Amino acid sequence: MTELRNVEAELSRFRGRVLAASAVILVCFVLLASRLVWLQVVRHAELDDQAEANRTAIVPIVPNRGLILDRNGIVLATNYSAYTLEITPSRLTRPLDKVIDELSQVIEIQPRDRRRFRKLQEESKSIDSIPLRTKLTDEEVARFTVQRFRFAGVDIKARLFRSYPWGELASHAIGYIGRINQAEKKQMEDWPDEEQGNYRGTEYIGKLGVEQSFEKQLHGITGVEQVETSAGGRAVRKLASSPATPGNTVILSIDIKLQRLVEDLYGERRGALVALDPKSGELLAFVSKPTFDPNLFVDGIDQENWAMLNESIDKPLLNRALRGTYPPGSTYKPFMALGALETGKRSATQIIHDGGSWSFGGHVFRSHGDHGLGAVDMHASIVKSSNVYYYSLANDMGVDLMHDFMKPLGFGQITGIDIFGEVRGVLPSQEWKRNYYKRPEQKKWFAGETISLGIGQGYNSFTMLQMAQALGTVVNNGVQHKPHLVIATQDSTTKLSTPVPRPQALNLGYKPEHLALIRKAMVGVTQQGTSTRVFQGAGYLSGGKTGTAQAVGVAQGAKYNASKLEEHQRDHSLYIAFAPAEDPKIAIAMVVENAGFGAAAAAPIARRVFDYVLMNQYPSEEDLAQVRDGKAANPVGKVGAGAVAAAPPAPAPTLPVLGIHPAFAPAAAAPPTAAPVSLTAPPARSSGARATPPAP
């Protein structure tokens, strides 16, 4: 049987299939065309930028950090470039430990390099380039360059390192730089966008001193560079750039030669000295001993050095001039005498009988040596350092009147110095005690607590910076200047210097005749008082006041015996001084910790400082040794010219980059800055030693 085919139906189906296929093909072409239009027309600019970004990279150019100079133009902080071996963990194709092991066969890698790398890795993102070895030699660079093909994700970069050519000298004033830690990164999130952008690519920041306080002036302005990159992400050629602007130079008021002299005079002893110009508030020397080498922190301090600095009983990281607080001892007496005159509690001629002790409420307050001075007026009370005179005066004035007079002089107050970290200390009052103590029985002020305040003991606890500012105010006819370390900044481009603006001086309104009487009595201290032997033969007239402050309390009826105490428990040696007497150009406040009487340890240092500043005389080696041993009075041996004996080491030479893209930044992290411990001395109380509480 013949099958009949419906040709028309088959043709219709065929045409339908062709039309359907054509429609599908047409839709596909439309989609392709639409996609092409979308990519080539609508998103052309965006995709072109992405393509360009894949071919090029925008790299921040970190600026050269500004220099730090002393008042005479001597460089205290500078920069040099060196090669670093760096690893970017996200680009590694093999385990990190295996890569480091293989690298150690090409370039020497110490265990401390590995520890530092691990620490930096914990603080960084996986895409960050982390230094493994720093300051490579040319030979090490050449060896790695030959083997570079073996190490994906490893490269050599030229980074900028900070250098402190004078080492430990003035380290607390200058400060140091270190890698930006997590806490600092969090703080930077609150900065304006422009300032945050300026730190793009920057891995270090100032940590202490001027480096920290003048960070924005020293940092400079970050530039950018557009480079063409290979498929592996390596820079091939530079396409365009906007250069970085170096940071400004910061000029300090410090005379680094004077600073070195003072630090040499202290030797291995602990203490602080602040020397300033009373007519301007410029700090001429800002000494804290012991010091530390800021170069240790530049490319990351190792664990051994960090433990040595952070755990030492001598606390070398503590800036004693700024954060160490001490009872002023008898150096407080001239200010007490001025307060008595200004408040009308004493006249200059009023006589007080000093019998060697003073009794109050059944407690006997004694003098040094338990010997009396007889009848003393105000002049003699300063020259002979009568304790009884000031026990009586403190009782007459009362704690609140003393507080109200001393506060404008700066005692127990923030001076406003231009570096961070200053502490307030303690200027006691009844209100202070009520606010500080918790238990009701501790809040009450007892009349007996007032007596020892008159001789600079008890709760009194001040910094040498506060003491120097107060002395500078008295010898500058009652006109007070804010102390400062930085006198000018110099533009890195124009080289023009701009003085740092200062607040207007404050006249405290003291009567000239009262100030003159106090200055005359302090001159008497150097002519016929406790520092006479030290200033014999000086070619100028100076004024001063010795002081001895207790580091531990002495029980009622007991006598102080230094030989029976540990070295850290012995009395502090203090001295305040100014010169020349007729027109003071320098005022000093200083302490030598646990060194005994002020005339024996502190005053001889002041004499050598004045000889250097006013007479351009530098002590002999024999004299330096005697001062360090606390056995000196007036200078011995042949004095030299006022020059520092040895120059600082030269900074490392600047190295060429050899075609490697420069990504200047510090190479390693410094550990977080140790929180300085306030070196507050305990008050003298019959109940024994007790730490002076900090100000609320």
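Predicted model, so just to flag it, every value in this text is computed and none were measured. (Residues numbered from 1 in each chain as written. Predicted model: local features only at pLDDT ≥ 70, side-chain atom pairs only at ≥ 80, totals over all residues. Heavy atoms only, no water.)

### Remarks on the overall build of the protein chain
- The helix and strand inventory of the protein chain stands at 25 helices and 25 strands.
- When burial is assessed residue by residue, the protein chain has 51% of its 696 residues classed as buried.
- In the protein chain, 75% of the contacts between residues at least 6 apart in sequence involve partners at least 24 apart.
- A total accessible area of about 31300 Å² is found for the protein chain, and carbon and sulfur atoms account for 54% of it. (Helix = DSSP H or I, 4+ residues; strand = E, 2+ residues; numbered from the N terminus. Buried < 20%, exposed > 50% of the residue type's maximum accessible area, 1.4 Å probe, protein only. Contact = heavy atoms within 4.5 Å. Areas by Shrake-Rupley, 256 points an atom, 1.4 Å probe, with all protein chains shown as cover.)

### Some points on the packing of helix α11 (residues 256-266) against helix α25 (residues 621-628)
- Running from amino to carboxyl end, α11 crosses α25 at an angle of 60 degrees, the nearest separation of the two axes being 7 Å. The orientation of α11 relative to α25 falls into the category oblique. Along its contact with α11, which presents Leu261, Asp264, Leu265 and Tyr266, the element α25 presents Leu624, Val627 and Arg628.
- Residue composition of the contact of α11 with α25, by class: 5 nonpolar, no polar and 2 charged. (Axes fitted to C-alpha atoms, helices over the stretch in contact; angles between N-to-C directions. Parallel < 35°, antiparallel > 145°, perpendicular 65-115°, else oblique. Nonpolar A, V, L, I, M, F, W, Y, C, P; charged D, E, K, R; others polar.)

### Comments concerning empty space enclosed by the protein
- Taken as a whole and judged by the stated rule, the model has 5 cavities of 30 Å³ or more.
- By volume, the largest cavity amounts to about 50 Å³.
- The wall of the largest cavity is formed by Leu276, Asp277, Pro278, Gly281, Ala468, Gln469, Gly472, Thr473, Val479, Gln480, His481 and Pro483.
- Elements supplying a minimum of two residues to the lining of the largest cavity: α21 (464-475) and β17 (479-480).
- For the lining of the largest cavity, the leading source of residues is α21, giving 4 residues.
- Of the residues in the lining of the largest cavity, the class split is 5 nonpolar, 6 polar and 1 charged. (1 Å grid on protein atoms, 1.4 Å probe; cavity = no way out; pocket = protein on both sides within 12 Å on 5 of 7 lines; lining within 4 Å. Points joined across faces, edges and corners; volume = space filled by probe spheres on them.)

### Comments concerning the nonpolar core
- Ranked by size, the top nonpolar core spans 104 residues in total, and within it Phe286, Phe335 and Phe411 carry the most contacts.
- Of all the elements, α21 adds the most residues to this core, at 8 residues.
- Excluding anything up to four places from it in sequence, Phe286 contacts Ala173, Ile254, Gln259, Leu273, Val274, Asn319, Ala321, Leu322, Ile417, Ile419, Leu465 and Leu485.
- Within the second largest apolar cluster, 32 residues are counted, among which are Leu258, Ala577, Ile605 and Tyr618. (Core = buried A, V, L, I, M, F, W, Y, C linked by side-chain atoms within 4.5 Å.)

### Overview of the pattern of salt bridges
- The tally for this structure, following the rule as stated, stands at 27 salt bridges.
- Asp101 is paired through a salt bridge with Arg114; the nearest N and O atoms lie 3.1 Å apart. Pair noted here: Asp101 is in helix α3 (residues 96-103) and Arg114 is in helix α4 (residues 111-123), with a separation of 13 residues, a long-range link.
- A relative accessible area of 37% means that Asp101 is categorised as partly exposed.
- Looking at Arg114, the relative accessible area reads 29%, which means it is partly exposed.
- Here Lys585 ties to Asp583 by a salt bridge, and the two come within 3.5 Å at their closest N and O atoms.
- With relative accessibility at 31%, the residue Asp583 sits in the partly exposed group. (Salt bridge = Lys/Arg side-chain N within 4 Å of Asp/Glu carboxyl O.)

### Some thoughts on the packing of helix α14 (residues 333-343) against helix α17 (residues 399-409)
- Put simply, α14 and α17 touch, their axes get as near as 10 Å, and they point 110 degrees apart. Between α14 and α17, the angle falls in the class roughly perpendicular. Between α14 and α17 lies a crossing of right-handed hand. Only Leu401, Met402, Phe405, Met406 and Leu409 of α17 make contact with α14, whose side of the interface consists of Phe335, Met336, Leu338, Gly339, Glu342 and Thr343.
- Looking at the contact of α14 with α17 residue by residue, the classes come out as 8 nonpolar, 2 polar and 1 charged. (Left-handed = near helix turned anticlockwise from the far one by under 90°.)

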